[in-house]
Amino acid sequence: MCNKDRRFVVCIAGGGSRYTPGILKMLVNERDRFPLSKVILYDNEAERQARIADYARILMGEYYPECEIVDTCDPETAFTGIDFCFMQIRAGRLKMRRSDEHIALAHGCIGQETCGAGGFAYGMRSIPAVVDIIRDVKRYSPDAWILNYSNPAAIVAEATKRLFPGDKRVINICDMPVGIMNQYADALGVPRDSIEARYYGLNHFGWFTAVLDRETGEDYLPRLREIFSEDLPEEAFSDIDPSWSETFHFLRKMVREAPEGHMPNTYLQYYLYPRHMLAHEDPNWTRADQVMAGHEREIFEMVDEVIAAGRIKGTKYGFTYEDLKDDDHASYIVDLATALAFNTKQVFLIMQENVGIVSNLTEGMMVEVPCMVGSNGPEPLSVGEIPSFQKGLLENQYAYEKLAVDANLEGSYRKAWDALTLNRLVNDTDVAKALLDEYIEANRDYWPELS
Ligand code: G6P
Ligand code: MN
């Protein structure tokens, strides 16, 4: 794959997603570094994906004519002859995310997409769906790299580790650390790609321990702790989604209260401040409600308007190649793909099986840690020993994740119940049972049967 002149074929599994237009634009932006001959969109919902595909053909026709678009619901067409599969599926779509959140809140628990009871319910849907796709990719393109960022990534990664043991071509990754690093870069006034992270944890449950200048090796973490401890004017982050703005405001408190030498992942707000987070939830207007009425609606409106106009250039959605450079959030996926294709040895935070990486955490845990990535896949950097506070939290969380995967793969009610009881955001045997029974009912079309 190291031939510099080659053009790659990428399949986006979850082609009908609201994220696909953004990924396609990112691919347009990256066309020199990561040249493509074809993007295949694959989804199990033909109609929804067809809208995205029509939009994609217009987009590529105007901005990337060398890149063909194919849309299909047939695995053989989707996965034959591909170099990469970017996997971003949401089993049960936002409708089921909503159900996860609402059921949890009705029982007085946080019902977040990936955390707590909501994350459990989603994990039980996600595992079979993700595993099916990986099996199909392996069948038709055994050498393809599968970059999986389907959620809840911690649980999904634990399942892929079990079902595809030692398979370096299945890579589980998340954009949250990247999003946080972008903020660090802005705060430091340095380019995004000039810093790299040292970090440990489970997905959506970890801490930065250093933020290094790639050239000089200087560690910016002490300075970042200072900057991110300062109070912000209320209008800070007013240009982003209100829920994310609150999260980034709250990060200030978390940084101030985090143990010395650590910078928390934003998702720790749910685990370390559950009362505060619960008090701020509106059971009638959860995150899924917001996303359905907000981002998802906006994306599909844009897609439909572009299709109706038959063009992008000359409409309000027109842009130049220059404009794309300002919005490079999704480009970590291409950073990773080029690292694999061209052996760049860049460092990424990736979920990896703990084989002595964090010496005092359970072996086999799917830890999220810095990895050097080249054409042989990710090679984790050693983390060493971590403090008792984080170790205690992580071991508890991992035991929950492990039981959730056991429950799914074995069809075990008992293990599902234990998993929920163990979850820090449930923590009560009666509540766990009530939640489990309600989730089973709501997820009949998605979960394996539990007995
Ligand atoms: C971050 C996380 C993703 C998560 C997303 C939710 O990007 O890394 O794992 O799915 O946030 O964002 P939303 O806007 O859908 O709440
Ligand atoms: Mn994530």
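Cut-offs used in this document
Every residue gets a number counted from 1 within its own chain, in the order that chain's sequence is written. Labels are handed out in written order, letters beginning with A for the chains and numbers beginning with 1 for the ligands. For a predicted model such as this one, the threshold for reporting local features is a pLDDT of at least 70, and the threshold for listing and counting side-chain atom pairs is 80 or more; totals across whole chains, interfaces and linings nevertheless cover every residue. To obtain the side-chain values, all non-hydrogen atoms of the structure were included, while hydrogens and water were left out. When DSSP finds two or more bridges between two strands, those strands count as paired. The helix and strand labels rest on DSSP assignments: H or I over at least four residues marks a helix, E over at least two residues marks a strand, and numbering proceeds from the N terminus. Residue contacts follow a heavy-atom distance rule, with two residues in contact if any of their heavy atoms lie within 4.5 Å. Axis definition: a line fitted to C-alpha atoms, limited for helices to the stretch in contact. Angles are taken between N-to-C directions and run from 0 to 180 degrees. Each pair of aromatic rings taken from Phe, Tyr and Trp, with Trp reduced to its six-membered ring, is defined by centres within 6.5 Å and is described as stacked if the planes are under 30 degrees apart, edge-to-face if over 60, and tilted in the remaining cases. Each residue is placed in one exposure class: buried if its accessible area under a 1.4 Å probe, protein chains only, is under 20% of its type's maximum, exposed if it is over 50%, and partly exposed if it falls in between. We call a charge positioned over a ring when the NZ of a Lys or the CZ of an Arg lies within 6 Å of the ring centre and within 35 degrees of the ring normal. Sites may look incomplete, because water is not among the atoms used; the donor set itself consists of N, O and S atoms within 2.8 Å of the metal (3.2 Å for Na, K and Ca). To be near a molecule or strand, a residue needs just one of its heavy atoms within 4 Å of it. In protein, a polar contact requires one atom able to donate a hydrogen and another able to accept it; more generally it is a pair of N or O atoms within 3.5 Å, and residues adjacent in sequence count only if both atoms are side-chain atoms. Where accessible areas are quoted, they stem from the Shrake-Rupley method and a 1.4 Å probe; at the residue level, only the protein chains shown are allowed to cover. Joining through side-chain atoms within 4.5 Å is the link that ties buried Ala, Val, Leu, Ile, Met, Phe, Trp, Tyr and Cys residues into a set, and such a set is a nonpolar core.

(A) Here's a closer look at the sheet that holds strand β9 (residues 263-264). Strands sit in the order β7-β8-β9 across an open sheet of three strands; the sheet is antiparallel. Strands at the two margins of the open sheet, each flanked by one partner only, are β7 (195-202) and β9. Pairing of strand β8 (residues 205-213) with β9, which is carried by two bridges, proceeds in the antiparallel orientation. Pairing of Trp207 across the sheet is with Pro264, part of β9. On top of the sheet, helix α7 (residues 176-188) reaches β7, β8 and β9; it is set at about 40 degrees to β8, its chief contact.

(B) Structural detail: the packing of aromatic side chains. Applying the stated criterion across every chain, the model contains 22 aromatic pairs. With a centroid separation of 4.0 Å and 5 degrees between ring planes, the pair formed by Tyr63 and Phe319 is classed as stacked. One end of the pair, Tyr63, is in helix α2 (residues 46-63); the other, Phe319, is in the loop between α12 (287-309) and α13 (321-324), with 256 residues separating them in the sequence. Tyr63 sits in the buried class, given a relative accessible area of 1%. Both rings, one in Tyr199 and one in Phe208, keep their centres 4.8 Å apart while their planes meet at 75 degrees; by these two values the pair is edge-to-face. This pair shows no difference in class: Tyr199 is buried, exactly as Phe208 is. Feature note: the residues Phe8, Phe34, Phe84, Phe86 and Phe342 constitute an aromatic cluster, connected by ring pairs. For Lys313, the ring lying beneath its charged end belongs to Tyr63, and the centroid distance is 4.7 Å.

(C) How the structure looks around the coordination of the manganese ion (ligand 2). Around the manganese ion (ligand 2), the protein contributes the donor atoms Cys174 (SG) and His204 (NE2), which lie 2.3 to 2.5 Å from the metal centre. Here the residue Cys174 occupies a position in the loop between β6 (170-172) and α7, and His204 occupies one in the loop between β7 and β8, the gap between them amounting to 30 residues. The same class applies to Cys174 and to His204, which are both buried.

(D) Structural view of the pairing of β7. Within β7, seven of the eight residues are buried, leaving the element largely enclosed by the surrounding structure. Pairing geometry for β7 and β8, over eight bridges, is antiparallel. If you follow Gly201 over to β8, its bridge partner there is Gly206. In this antiparallel pair of consecutive strands, β7 and β8, the connection spans two residues, and His204 shows a positive phi of 60 degrees.

(E) The site of ligand 1, seen in detail. In the region of ligand 1, 13 residues are neighbours, and Arg18, Arg97, Asn151, Asp175 and Arg287 sit closest. Take Asn151: an N or O atom from its side chain is 2.6 Å from an oxygen atom of ligand 1. Interatomic distance of 2.7 Å between a side-chain N/O atom of Arg287 and an oxygen atom of ligand 1. Here ligand 1 loses 86% of its free accessible area of 390 Å² to cover by the protein chains.

(F) Inspection of the nonpolar core at higher detail. Grouped together as the largest cluster of nonpolar side chains are 104 residues, with contacts concentrated most on Leu27, Phe34, Phe84, Phe86, Leu147, Tyr184 and Phe208. In terms of residues, this core owes the most to one element, helix α14 (residues 332-342), which gives nine residues. Each residue touching Phe86, except ones within four places of it in the same chain, is listed here: Val10, Cys11, Ile12, Ala13, Ile23, Leu27, Phe34, Leu147, Tyr149, Ile333 and Ala337. The next biggest cluster of nonpolar side chains, apart from the first, holds 49 residues, and it includes Ala78, Ile89, Ile127 and Ala404.

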